[in-house]
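Each chain is listed here by its residues.
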Amino acid sequence: MSTIDQKNAAGTVPEQETVLAVLIVAAGSGSRLGAGIPKAAVEIAGKTLLEWAILGALASGVTARLVVTVPPGDTLLTTICARYGALAVPGGASRAESVTAALTALDAAKPLPGASSSQPTGVLVHDAARCFTPASVYRRIAQSLVAGERAVIPVLPVVDTVKTVDARGYVTGTPARAELRAVQTPQGFDLPTLVQAHRDVAGLPAGVAETITDDAMLAETLGLPVATVDGDPQALKITTPLDYTLAGALHTQGALELVEELEKR
């Protein structure tokens, strides 16, 4: 099922179906991983990170259309996208530019088999590097959007003590850990809200746009409220060789969950 249409808290069914598109950002070079190829093309257990990410989006049952940003000139990841019915588009020099490119191309993406042919009303932005994100995280994001949130992100409690430091490396403070959360993806948005946010980023003061590291931060900068739902430890972001090793260890459980979810569809 790729159209979310359920009862809200008042027990009534929303008048308009919520059709979700998933945008997967897979245009990074992966220089910190040190594999010598784009990060999304690195394999775990015979499948690329992009393939695992796509399978997770499909297993969630909330994806009506799928757009993936790939490195300019790429052929391998583009071929993988075609295999799963996803539209591949060249990414930009930054994450924000890649998301903008995916949003611009969304109208050209075809509905996935069995999905609603209606235009998407919401969008989930996901990192291919978080390739083992469980389907349950997608569903929590989708349910929050159905309930009326315009921006919602999955988070985990921070278990380490965190310090702020100055340019010289000296500690300047210790934030209250109870108020801190580690942010994951996919991040969900009302589609018109995210499109407008990416248009408005051009009007931000010089230097501010470069500091925005995710779409939720963009929403915050523009004064939009951002809701949170529970994330999942399996949604590990693969950035370094150690992350890759840990993700490999998670593979067996993650792969089993993906197979079970896909068999339910």
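Because the structure is predicted, anything quoted here is derived from the model rather than measured.

Trainee: What exactly am I supposed to notice about the overall build of the chain here?
Mentor: Broken down by element type, the chain carries seven helices and 13 strands. The burial tally for the chain puts 47% of its 265 residues in the buried class. Once local pairs closer than 6 in sequence are excluded, the contacts in the chain between residues at least 24 apart make up 70%. Element-wise, carbon and sulfur atoms account for 55% of the exposed surface of the chain, whose accessible area totals about 12900 Å².

Trainee: For this particular structure, what's the right way to read the environment of Arg-130?
Mentor: For Arg-130, the location among the structural elements is in the loop between β7 (122–127) and α4 (135–146). Exposure remark for Arg-130: the relative accessible area of 11% places this residue in the buried category. Along the chain, Arg-130 and Thr-239 lie 109 residues apart, while their C-alpha atoms are 9.4 Å from each other. Excluding residues within four positions of it along the chain, Arg-130 makes contact with Val-183, Gln-184, Thr-185, Ala-235, Leu-236 and Lys-237.

Trainee: Would you mind going over the packing of helix α1 (residues 49–59) against helix α2 (residues 76–83) with me for this structure?
Mentor: A pair of packed helices is characterised by two quantities: the angle between their axes and the separation of those axes. Packing of α1 against α2 leaves a shortest axis separation of 10 Å and a crossing angle of 25°. By the angle between their directions, the pair α1 and α2 is classed as roughly parallel. Helix-helix and strand crossings are classified by hand; for α1 and α2 the assignment is right-handed. When α1 is examined against α2, the residues Leu-50, Glu-51 and Ile-54 are found in contact with a partner set consisting of Leu-77, Ile-80, Cys-81 and Arg-83. Taken together, the residues of the contact of α1 with α2 break down into five nonpolar, no polar and two charged.

Trainee: Help me understand unusual backbone geometry, please; the structure alone is not making it clear to me.
Mentor: Among all residues save glycine, negative phi is the norm, and among peptide bonds the norm is trans. Between Thr-185 and Pro-186 the backbone carries a cis peptide bond, its omega angle lying at 10°. Here Pro-186 lies in the loop between β11 (181–183) and β12 (187–190). Phi is positive for Ala-45, close to 55°, though the residue is something other than glycine. Of note, Ala-45 is situated in the loop between β3 (43–44) and β4 (47–48).

Trainee: Please explain the packing of helix α3 (residues 95–105) against helix α5 (residues 191–200) as it appears in this structure.
Mentor: Contact pair α3 / α5: the axes reach a minimum separation of 10 Å and the direction vectors enclose 130°. Taken together, the axes of α3 and α5 are oblique relative to one another. Crossing angle aside, the handedness with which α3 passes α5 is left-handed. Contacts from Ala-96, Val-99, Thr-100 and Leu-103 in α3 reach Leu-191, Leu-194, Val-195 and His-198 in α5.

Trainee: Even after reading the chapter, I still don't get the nonpolar core, so can you show me in this structure?
Mentor: Most often, soluble globular proteins keep nonpolar side chains buried together rather than apart. One finds Ile-24, Leu-50, Ile-54, Leu-66 and Val-68 to be the most contacted residues of the largest nonpolar core, which totals 43 residues. Mapped onto this core, the elements with two or more residues apiece are β2 (18–25), α1, β5 (65–70), α2, α4 and β13 (227–230). Here the element with the most residues in this core is α1; it accounts for eight residues. Residues contacting Val-68, with those up to four places away along its chain left out, are Ile-24, Ala-26, Leu-50, Cys-81, Ala-86, Leu-87, Ala-88 and Val-89. One finds Leu-23, Leu-103, Ala-105 and Val-123 within the second-largest nonpolar core, a separate group that totals 18 residues.

Trainee: Can you walk me through the pattern of salt bridges in this structure?
Mentor: Where charged atoms from two side chains of opposite charge approach closely, those side chains can pair. Under the definition given, this model contains four salt bridges. Linking Asp-215 and Arg-95 is a salt bridge whose minimum nitrogen-to-oxygen distance equals 2.9 Å. With Asp-215 in helix α6 (residues 215–221) and Arg-95 in helix α3, this pair connects stretches of sequence that are 120 residues apart. For Asp-215, a relative accessible area of 3% puts it in the buried group. A relative accessible area of 22% places Arg-95 in the partly exposed class. Across the pair Arg-168 and Asp-166 runs a salt bridge whose closest N-O atoms are separated by 3.8 Å. For Asp-166, a relative accessible area of 27% translates into the label partly exposed.

Quick notes on the rules
- Starting afresh in each chain, residues are numbered from 1 along the sequence in its written order.
- At least 70 in pLDDT is required for a residue's local features to be given in this predicted model, at least 80 for side-chain atom pairs to be given and counted, and no such filter applies to totals for whole chains, interfaces and linings, which use all residues.
- The side-chain quantities take in all heavy atoms of the structure and omit both hydrogens and water.
- Counting from the N terminus, the helices are the DSSP runs of H or I reaching at least four residues and the strands are the DSSP runs of E reaching at least two.
- Only protein chains enter the calculation, and the probe is 1.4 Å; a residue is then buried if its accessible area is under 20% of its type maximum, exposed if over 50%, and partly exposed in between.
- For this analysis, residues touch if any pair of their heavy atoms sits within 4.5 Å.
- Surface exposure here means Shrake-Rupley accessible area, sampled with a 1.4 Å probe, where a residue is shielded only by the protein chains that are shown.
- An axis is simply a line fitted to the C-alpha atoms; with a helix, the fit covers only the stretch in contact. Between two such axes, the angle follows the N-to-C directions and lies from 0 to 180 degrees.
- Geometric relationships in this document are graded by angle, where less than 35 degrees denotes roughly parallel, more than 145 denotes roughly antiparallel, 65 to 115 denotes roughly perpendicular, and other angles denote oblique.
- Two helices that cross are described as forming a left-handed crossing if the nearer one is turned anticlockwise from the farther one by less than a right angle, and a right-handed crossing if clockwise.
- Following the grouping adopted for this structure description, the nonpolar residues are Ala, Val, Leu, Ile, Met, Phe, Trp, Tyr, Cys and Pro, the charged ones are Asp, Glu, Lys and Arg, and the polar ones are all others, Gly among them.
- Residues grouped as a nonpolar core are buried Ala, Val, Leu, Ile, Met, Phe, Trp, Tyr and Cys residues, joined through side-chain atoms within 4.5 Å.
- Here, a salt bridge means any Lys or Arg side-chain nitrogen found within 4 Å of an Asp or Glu carboxyl oxygen.

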